[in-house]
Amino acid sequence: MAENTSKDMKARLKSSYDAVADTYNAAFTTPNDPVRLHYLELLLSRLPSDSQRTASMLELGCGAGVPATKHLLQIDKPLIHVTGNDLSTAQLDLARRNLAGYEDRLTLVEGDMLGLAFPSETFDAVTGFYSIIHLPRQEQTQLVRKIASWLKPSGLLLANFAVDESEVNVQEKWLGEEKGWMHWSSWGEEGSVKMLEEAGFSILLKDTKQVEGDANFVWLIAQKAASEK
């Protein structure tokens, strides 16, 4: 996908999520979402031992901050500092309200996740719930390599990808919204595993699950290699 075309696509995505934020959150986000919180707990249980007291995490596509971001901030052990990124201004406005009181451990960053820049070995873990799949799949490959550089040795990535391979999947009126244009892309289940492995990750968990009323996803927890001593 040409750079200008990608920018145009992401501008449309931002406009769409700004327009459908309330509808999306009513349909897909609940404080006790069993799927997201299940995999999040599995991720937390695998954090390296030196991350058990304090941890730094990046959430790609944090949306309104519920349920995942809030769950992370409510945990006492480890005490987690969260950087939340989202493309949508409206979603981040909701996140600021939903996460009021946690400002000392929360940084919210608006913009394209592929354009993020962090020093090497910044985070103990990175998550991407229903978010990386919005990127063109060539950009997903670029992003995964960047994530590997942002993670500390033995750091973890939790993300879900579509099971079926699709270069472009577009809905003009997603969620029945006139302004709900939406874009997804996928290497498929095995292609997504290969993408992570080629970026230097080891797959710790691969779980295929169909979310009720939604598409079929593969959930992956992957670990960056430990540093050599």
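Per an unreviewed UniProt entry, the protein chain goes by Methyltransferase domain-containing protein and derives from Epicoccum nigrum.

(A) Up close: the overall build of the protein chain. Counting secondary structure elements, the protein chain contains six helices and nine strands. Whereas a compact globule of 229 residues would reach a radius of gyration of roughly 17 Å, the protein chain reaches 17 Å, a difference of no more than 12%. Expressed along its principal axes, the backbone C-alpha trace of the protein chain runs to roughly 55 × 40 × 35 Å. Across the 229 residues in the protein chain, those meeting the buried criterion constitute 52%. Split by element, the accessible area of the protein chain, about 10,800 Å² in all, is 47% carbon and sulfur. Put simply, the protein chain has 23 plus and 32 minus side-chain charges, and the middle of one group is 4 Å from the middle of the other.

(B) How the structure looks around the UniProt feature "domain: Methyltransferase" (unreviewed entry) in the protein chain. UniProt feature "domain: Methyltransferase" (unreviewed entry): in the numbering of this structure it lies at residues 58–155. Along residues 58–155 one finds 32% helix and 28% strand; the C-alpha atoms at either end are 11 Å apart.

(C) Structural detail: unusual backbone geometry. Along the chain, Val66 connects to Pro67 via a cis peptide bond; the corresponding omega equals 5°. Within the secondary structure layout, Pro67 lies in the loop between β1 (54–60) and α3 (68–74). Here the bond from Lys77 into Pro78 is cis, since omega is -5°, no more than 30 degrees from zero. With respect to the helices, strands and loops of the structure, Pro78 is situated in the loop between α3 and β2 (79–86). Although it is not a glycine, Glu121 sits at a positive phi angle of roughly 60°. With respect to the secondary-structure elements, Glu121 resides in the loop between β3 (106–110) and β4 (123–128).

(D) Seen up close, the sheet that holds strand β9 (residues 216–224). Taken in spatial order, the seven strands make up an open sheet running β3-β2-β1-β4-β5-β9-β8, and their pairing is mixed. Two strands lie at the open edges of the sheet, namely β3 and β8 (201–210), each paired on one side alone. If you compare each strand with its neighbour and ignore which way they point, the axes differ by 15° on average. Of the strand pairs in this sheet, β1 and β2 are connected by seven bridges, and their pairing is parallel. The residue of β2 that forms the bridge with Leu58 is Thr83.

How each quantity is defined
- Residues numbered from 1 in each chain as written.
- Predicted model: local features only at pLDDT ≥ 70, side-chain atom pairs only at ≥ 80, totals over all residues.
- Heavy atoms only, no water.
- Helix = DSSP H or I, 4+ residues; strand = E, 2+ residues; numbered from the N terminus.
- Rg over C-alpha atoms; globule rule 2.2 N^0.38 Å.
- Buried < 20%, exposed > 50% of the residue type's maximum accessible area, 1.4 Å probe, protein only.
- Areas by Shrake-Rupley, 256 points an atom, 1.4 Å probe, with all protein chains shown as cover.
- Lys, Arg positive; Asp, Glu negative; His and termini not counted.
- Charge placed at Lys NZ, Arg CZ, Asp CG, Glu CD.
- UniProt positions renumbered as here; feature names shortened; annotations may be inferred.
- Pairing = 2+ DSSP bridges.
- Axes fitted to C-alpha atoms, helices over the stretch in contact; angles between N-to-C directions.

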